[in-house]
Amino acid sequence: MIKKTSVDQVIDTARIEEVVGDFVRLKKRGSGYQGLCPFHQEKTPSFSVNPVGNFYKCFGCGKGGNSVNFVMEHEKMSFPEAIRYLADKYGISLEEDKMTDEEIAEVKAKDNLHALAEYAAQYFEDELKNTEEGQTIGLSYFKERGYLDSTIKTFRLGYSANNRIKFTQKAMKDGYDLQMLKDCGLTAQSGNDFFYKRVMFTIQDVSGRPVAFAGRILSKQVKAPKYINSPETEIYKKSHVLYGLYQARQSMRKEDFCIIVEGYTDVLSMHQAGIENVVASSGTSLTDGQVLKIKRFTNNVVMLYDGDAAGVKAAIRSIDIIHEKDMQVHLVLLPGDHDPDSFVSDQGASGFKTYIDQNAMDFIAFRQHLFAQSGQHDPVSKSQIIKELIESIAKIPDAIKRTLYVRQCADAFKIDEEIVMAELNKVIRKEIYNQRKKEERQQRQNEEEWIADPKSKPQAQTDDLTKDSDVYQEKDILRVLILYGDKYIDEEEETTLTEFVMANLEPVIHTFNEDAYKKLLNIAVEQYKKELPVHKELFINHEDPDIQKTALDIISTPYEYSPNWSAKGMELQTQVLPEKNFEKDAMQAILRFKLKKIVKQCKDIYEKILQEDQEGNTDTVEKLYKSFAKLTQDKTEVTEQLNAVILE
Ligand SMILES: [Zn+2]
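Residues numbered from 1 in each chain as written. Predicted model: local features only at pLDDT ≥ 70, side-chain atom pairs only at ≥ 80, totals over all residues.

Enquirer: Go over the overall build of the chain, please, and point to the residues and values.
Expert: Looking only at helices and strands, the chain has 28 helices and 15 strands in total. Relative to its full complement of 648 residues, the chain shows a buried share of 35%. In the chain, once contacts between residues fewer than 6 apart in sequence are set aside, the share between residues at least 24 apart is 65%. (Helix = DSSP H or I, 4+ residues; strand = E, 2+ residues; numbered from the N terminus. Buried ≥ 20, exposed ≤ 12 C-beta atoms within 10 Å, placed from the backbone. Contact = placed C-beta atoms within 7 Å.)

In structure tokens form, the structure reads like this:
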């Protein structure tokens, strides 16, 4: 394990603009740099590099972090790999130490599961090659199917013996805990091996780490499923994994398209034949997560499809998902009874490629083909298909493409282009309307009730369906803490901003609402309790990527008090020198936070008053009114303080 001091040295030494500059063309812009984001498709740069803060941030897709994060994300490396890469770049020699038992226990469960999955992959490979049963049953099966040793090695094929406890016993003997074996999906709840008497396919993530397995049964048991897959685990989310992506990624980039097939063996055969840009979805329809994985490497998808009814439905759903991501998709139907496996054996790579070139259909041609095949040419089924096609076209973000598809659709189904266009516009309008409704709901949720005069807003009760949100105030408090937490507000007294915030926030600190923000606040509180400084690096170099991301979002967005503030004439004046005014910013943030809490309490109490009043509980109503009056007074005080701070 790399020593913490070495890790810190690497993080401190690596210059973000140099690290990113190796992969992205950066242009100087103000005090920082800008370039085209390597993580999402864009034409105008929204990817910025901040040399002062030593971090990068994309305002398009939201990705951001330090040098280590960049290398991990861009080069698909693990944390230690990224540290080694950067150490190499900067000529830093890393100190490593052997893990003690305690340290091993400390390593996160996730890392443990990765290590265990790697152990299992090696175990299954070993069983295949080096046991008699593995050789005679497993290896001979793979050989019969024509797989070369190189393919078996590249895809880490393996074997699990006809013995229900062999793996679990061995793993436990080698120090793996039974619970962990279960958590990794390798041991069933009963304590038996999850996989036995099957040939094994190792499912790897995009950086090549094993995350799950699929086992194919060889004997003809009617009752047992042909394939079983690892259950979902901490490290295996089925909807985010594509089989073969690790082996396909370079070719996908080079060929600039990705072929999607259904089966594991299709991937193996095609790869072996020299068509390497191929992955299997191993589910019915593609998911958003899977499509986004592909989009990292290419925008073009070719789906090889065999024509059963379930396949058609899945294909149509997949097409829409691909279109939504502004990617192109084509479908290829294989001739006769062929599956990709048999077809590539038959035709070889070049024959296969030619076939794809000549037979790839876009989704309209595909639907037209199905329609022709179905033999049902009545107006009802025809109009149904056209409707579905229009729904699909509406999902394409690019207007020019939509227009072209409208023309094609009209041609294909011999229907007036204007009618198709009119229908499309209807669908789009409806979608915009729904989207706007959604945004409005969201906005209402975020809005503050500055005038907490519930009498004028009796409908507030129904508004409460949405969560009352304090994001703005919490965000502002965190912003000053992250940026200026270690600065002194009083040089003589040596009071840090953190101390100042903690003292002022103390009575209301437990009312932080947002879970993501609570995490950050807790980090600051812990530091404060230990009398350690709270500084930016604590958050943006934090090991938890969620914390990093939240911190980056907070410090890279400008102050954004909700629109109501300016409506009430309480605009935040532009801070000429924010680094000099952090005390004022902090005080404002705290007061606004308090105010928000008071306003909310007012509202809650008023609702109670209405309720109790209706039930005729005059005593309770009386009491509640007193609390209400007290809160109103508090509100006035805080408002005055806030005004004083602002106008100061
Ligand atoms: Zn981006």
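Moving on from the coordinates now.
Enquirer: Explain the sheet that holds strand 1 (residues 27-29) to me, using residue names and the numbers behind them.
Expert: Within the open sheet, the five strands sit side by side as 1-2-3-4-5. Their pairing is antiparallel. Lying at the two open borders of the sheet, with one neighbouring strand each, are strand 1 and strand 5 (64-65). Two strands pair when backbone bridges link them, and strand 3 (residues 47-50) and strand 4 (residues 55-58) are joined in this way by four bridges, in the antiparallel orientation. Paired with serine 48 across the two strands is lysine 57, which belongs to strand 4. (Pairing = 2+ DSSP bridges.)

Enquirer: Please provide a residue-by-residue account of the pairing of strand 12 (residues 300-305), values included.
Expert: Across the six residues that make up strand 12, a large majority, five, are buried. As paired strands, strand 10 (residues 258-261) and strand 12 are joined by three bridges and run parallel to one another. When the sheet's bridge partners are listed, cysteine 258 is paired in strand 12 with valine 301.

Enquirer: Let's hear about the pairing of strand 4: which residues, and what values?
Expert: On strand 4, burial covers both faces: Phe55 and Lys57 on one face and Tyr56 and Cys58 on the other are all buried. Taken together, strand 3 and the strand that follows it, strand 4, pair antiparallel across an intervening segment of four residues, in which asparagine 54 is found at a positive phi of about 60°. Where strand 4 meets strand 5, two bridges bridge the pair, whose relative direction is antiparallel. Counted as the bridge partner of tyrosine 56 is glycine 65 from strand 5. Turn length for the strand 4-strand 5 hairpin, with the two strands adjacent in sequence and antiparallel, is five residues, and the turn residue glycine 62 shows positive phi of about 90°.

Enquirer: Describe in detail the confidence of the model for the chain, supporting the description with residues and values.
Expert: Per-residue confidence for the chain gives a mean pLDDT of 81, with 87% of residues at or over 70. For the chain, per-element mean pLDDT is lowest for helix 20 (residues 460-463), which scores 29, and highest for strand 6 (residues 158-160), which scores 97. Here residues 446-468 is modelled with pLDDT under 50, and outside its nearest four sequence neighbours on either side it reaches 28 contacts, counting other chains as well. Scored below 50 in pLDDT, residues 560-578 makes 21 contacts in the model with residues more than four places away or belonging to other chains. (pLDDT = per-residue confidence, 0-100.)

Enquirer: Quick rundown of the sheet that holds strand 9 (residues 227-229)? Include the residues and the values.
Expert: What the four strands build is an open sheet, ordered 6-7-8-9; its pairing is antiparallel. Among the strands making up the open sheet, the edge pair consists of strand 6 and strand 9. Pairs of neighbouring strands in the sheet enclose a mean axial angle of 35°, with direction left out of account. Where strand 8 (residues 210-217) meets strand 9, three bridges bridge the pair, whose relative direction is antiparallel. Bridging from a neighbouring strand, alanine 214 pairs with asparagine 229 of strand 9. (Axes fitted to C-alpha atoms, helices over the stretch in contact; angles between N-to-C directions.)

Enquirer: Explain the environment of threonine 498 residue by residue, including any values.
Expert: Assignment of secondary structure puts threonine 498 in helix 22 (residues 497-505). It is 9.5 Å that separates the C-alpha atoms of threonine 498 and histidine 535, two residues lying 37 residues apart in sequence. Among residues more than four places away in sequence, those in contact with threonine 498 are Leu481, Gly485, Ala524, Tyr528 and Val534.

Enquirer: Summarise the nonpolar core; cite the residues concerned and give the values.
Expert: Ranked by internal contacts, the top residues of the largest apolar core, which has 87 residues, are Cys258, Val267, Val279, Val301, Met303 and Ile393. With eight residues, helix 6 (residues 109-130) is the single largest residue contributor to this core. Those residues within four positions of valine 279 in sequence are excluded, and the remaining contacts are Leu242, Tyr243, Gly244, Leu245, Ala248, Cys258, Ile260 and Val267. Phe500, Ile554, Ala586 and Ala589 belong to the second-largest nonpolar core, a separate cluster that totals 61 residues. (Core = buried A, V, L, I, M, F, W, Y, C linked by C-beta atoms within 7 Å.)

Enquirer: Explain helix 11 (residues 245-255) to me, and be specific about the residues and the numbers.
Expert: Buried within helix 11 we find Leu245, Tyr246, Gln247, Ala248, Arg249, Ser251 and Met252. Packing partners of the buried residues in helix 11 comprise helix 8 (149-154), strand 7 (198-204), strand 10, helix 12 (264-273), strand 11 (278-280) and helix 13 (288-295). Backbone geometry just after helix 11 places aspartate 256 at a positive phi near 55°.

Enquirer: Mind laying out the packing of helix 22 against helix 27 (residues 582-614), listing which residues take part and the relevant values?
Expert: For the pair helix 22 and helix 27, the least separation of the axes is 10 Å and the interaxial angle reads 20°. Overall, the two elements helix 22 and helix 27 adopt an arrangement that is roughly parallel. The element helix 22 and its partner helix 27 pack so that their crossing is right-handed. Facing Leu497, Phe500, Val501, Asn504 and Leu505 of helix 22, the residues of helix 27 in contact are Phe582, Glu583, Ala586 and Ile590. (Parallel < 35°, antiparallel > 145°, perpendicular 65-115°, else oblique. Left-handed = near helix turned anticlockwise from the far one by under 90°.)

Enquirer: Tell me about the environment of glutamine 601, residues and numbers included.
Expert: Along the chain, glutamine 601 turns up in helix 27. For the pair glutamine 601 and threonine 632, spaced 31 residues apart in the sequence, the C-alpha separation amounts to 9.8 Å.

Enquirer: Give me the lowdown on unusual backbone geometry, citing residues and values where you can.
Expert: One non-glycine residue, asparagine 54, lies in the positive phi region at around 60°. Positionally, asparagine 54 belongs in the loop between strand 3 and strand 4. Assessed through the 20 C-beta atoms surrounding it within 10 Å, asparagine 54 is described here as buried.

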